[in-house]
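Breakdown of the fold
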Amino acid sequence: QKEVEQDPGPLSVPEGAIVSLNCTYSNSAFQYFMWYRQYSRKGPELLMYTYSSGNKEDGRFTAQVDKSSKYISLFIRDSQPSDSATYLCAMRGASGGSYIPTFGRGTSLIVHP
Amino acid sequence: DSGVTQTPKHLITATGQRVTLRCSPRSGDLSVYWYQQSLDQGLQFLIQYYNGEERAKGNILERFSAQQFPDLHSELNLSSLELGDSALYFCASSGRSAARTDTQYFGPGTRLTVL
């Protein structure tokens with residue numbers, strides 16, 4: 001079992017839909033959780049960064065962490081064609097060698113007009 | 001634009017050859033990380049340098065090596081290349097503390113094709 005599991009998709013939605021992207025993990029030492037967006041042939045760019053459990057909102061994006069279930073989500077409201085990209089979750093511990101993030105394989109999102 | 005630069009953008013070479021990938025971190029960042037991204041393996045951490053010293057090692061093959069220079073740019077050397085080394089190679093940089101990594105900012109990547 002991989003430490004971080006993420007459905008590769010593709011996930012295809014119409015413009016304006018609410019998108020839900022998810023990751024599960026097995027390492028209870030993970031404390032910091034991140035979502036990166038990667039456009040085709042580009043490097044990943046950080047979207048959201050959260051610590052421990054709870055929600056964090058930034059514009060149309062909401063990141064949710066449920067440490068008890070080892071489950072994290074990224075919600076995108078009013079999705080746009082420009083949101084079409086691969087979304088990678090990443091997570092890391094708080095000390096020692098665990099601070100190097102572990103990445104999910106990414107979910108490909110397609111938002112069609 | 002993340003502020004991290006990587007050269008070259010594309011590299012095509014033959015099996016058995018050696019190549020060098022170059023990365024310049026964001027201004028002020030002391031840590032550099034190298035990652036390999038392939039379709040079947042996703043984003044795999046290779047190695048981290050902090051202010052010229054190796055700090056963490058991931059799934060880096062013995063045929064691969066890296067270094068970070070006094071001006072903080074880093075190079076990843078790949079030798080005895082195999083077909084399976086074809087991938088995107090990303091460099092990322094982060095802030096001033098090696099013990100507690102801040103956000104990693106990724107460069108645009110180098111696409112390596114081994115024929």
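Quick look at the structure, then. Residue indices follow the written sequence of each chain, beginning from 1 at its first position. Chain letters and ligand numbers both follow the written order, the letters beginning at A and the numbers at 1. For a predicted model such as this one, the threshold for reporting local features is a pLDDT of at least 70, and the threshold for listing and counting side-chain atom pairs is 80 or more; totals across whole chains, interfaces and linings nevertheless cover every residue. Think of the side-chain values as coming from all heavy atoms in the structure, minus any hydrogens and water.

**Some remarks on the overall build of chain A**
Numbering of helices and strands starts at the N terminus; helices are DSSP runs of H or I of at least 4 residues and strands are runs of E of at least 2. Within chain A, the regular secondary structure consists of 0 helices and 11 strands. Helices (α) and strands (β) of chain A occur, in sequence order from the N terminus, as β-β-β-β-β-β-β-β-β-β-β. Throughout, the radius of gyration refers to the C-alpha atoms, and the reference size of a globule is 2.2 Å times the residue count to the power 0.38. On C-alpha atoms alone, chain A measures out to a radius of gyration of 14 Å, which is about the 13 Å that the 2.2 N^0.38 rule sets for 113 residues. With the C-alpha coordinates aligned to their principal axes, the bounding extent of chain A is approximately 45 × 30 × 25 Å. Relative accessible area decides the class of each residue, using a 1.4 Å probe on protein chains only: under 20% of the type maximum gives buried, over 50% gives exposed, and in between gives partly exposed. Buried residues in chain A amount to 42% of all 113 residues.

**Section: the pairing of strand 6 (residues 53-57) of chain B**
The two faces of a sheet get side chains in turn, since along a regular strand they alternate between them. Residue and element names in this part refer to chain B. One requirement defines pairing of two strands: DSSP has to find at least two bridges between them. Pairing of strand 5 (residues 42-50) with strand 6 involves 4 bridges; the strand directions are antiparallel. When the sheet's bridge partners are listed, Tyr50 is paired in strand 6 with Glu53. Remark: 2 residues form the turn of the hairpin made by strand 5 and strand 6, two consecutive strands paired antiparallel; Asn51 in that turn has positive phi of roughly 50°.

**Brief notes about the interface of chain A and chain B**
Taken together, the contact between chain A and chain B spans 15 residues of the former and 22 residues of the latter. Together chain A and chain B conceal approximately 1600 Å² of surface at their shared face, both sides included; 53% is due to carbon and sulfur atoms. As used here, buried area is the combined drop in accessible area, with a 1.4 Å probe, of two parts when they are placed together. Its largest share of buried area at the contact with chain B, chain A owes to Tyr99, Ile100 and Arg105 of chain A, together 33% of the area lost on that side. Every case where a carboxyl oxygen of Asp or Glu lies within 4 Å of a side-chain nitrogen of Lys or Arg is listed as a salt bridge. Inspection of the chain A/chain B interface yields 0 salt bridges. Side-chain atoms alone can form a polar contact between residues adjacent in sequence; in general such a contact is a pair of N or O atoms within 3.5 Å, and within protein one must be able to donate a hydrogen while the other accepts it. Counting across the interface, chain A meets chain B through 2 residue pairs in polar contact (both at pLDDT 80 or more). Of all the secondary structure elements, the ones that give two or more residues to the side of chain A that touches chain B are strand 4 (32-38), strand 5 (45-51) and strand 9 (85-92) of chain A. Any two residues whose heavy atoms approach within 4.5 Å are treated as being in contact.

**Topic: the sheet that holds strand 7 (residues 64-68) of chain B**
All names here are of chain B. Here we have 4 strands laid out as an open sheet, ordered 1-3-8-7, and antiparallel in their pairing. Sheet topology places strand 1 (5-7) and strand 7 at the edges, where each strand pairs with a single neighbour. Taken over all neighbouring pairs, the strand axes of this sheet differ in orientation by 15° on average, direction set aside. As paired elements, strand 1 and strand 3 (residues 19-24) share 3 bridges and run antiparallel to each other. Bridge pairing in strand 3 links Thr7 to Arg22. Axis angles are defined between N-to-C directions and span 0 to 180 degrees, where every axis is a line fitted to C-alpha atoms and, for a helix, only to the segment in contact.

**With respect to the environment of Leu21 of chain A**
Residue and element names in this part refer to chain A. Among the structural elements, Leu21 can be located in strand 3 (residues 19-25). By relative accessible area, which is 2% here, Leu21 ends up buried. Sequence separation between Leu21 and Leu88 is 67 residues, and the spatial gap between their C-alpha atoms is 9.3 Å. Apart from the residues lying within four places of it in its own chain, the contact partners of Leu21 are Leu11, Trp35, Ile72, Ser73, Leu74, Ile76, Tyr87 and Thr107.

**Notes on the environment of Ser53 of chain A**
Residues and elements named next belong to chain A. Residue position: Ser53 is located in the loop between strand 5 and strand 6 (54-58). Accessibility expressed as a relative area gives 43% for Ser53, which makes it partly exposed. Between the C-alpha atom of Ser53 and that of Lys67, which follows or precedes it by 14 residues, the distance is 5.7 Å.

**Describing the pairing of strand 6 of chain A**
Residue and element names in this part refer to chain A. Sheet topology places strand 6 next to strand 7 (residues 61-66); 5 bridges connect them, and they run antiparallel. Residue Lys56 lies in a different strand from strand 7, and its bridge partner there is Ala63. Two successive antiparallel strands, strand 6 and strand 7, enclose a turn made up of 2 residues, where Gly59 displays a positive phi of approximately 65°.

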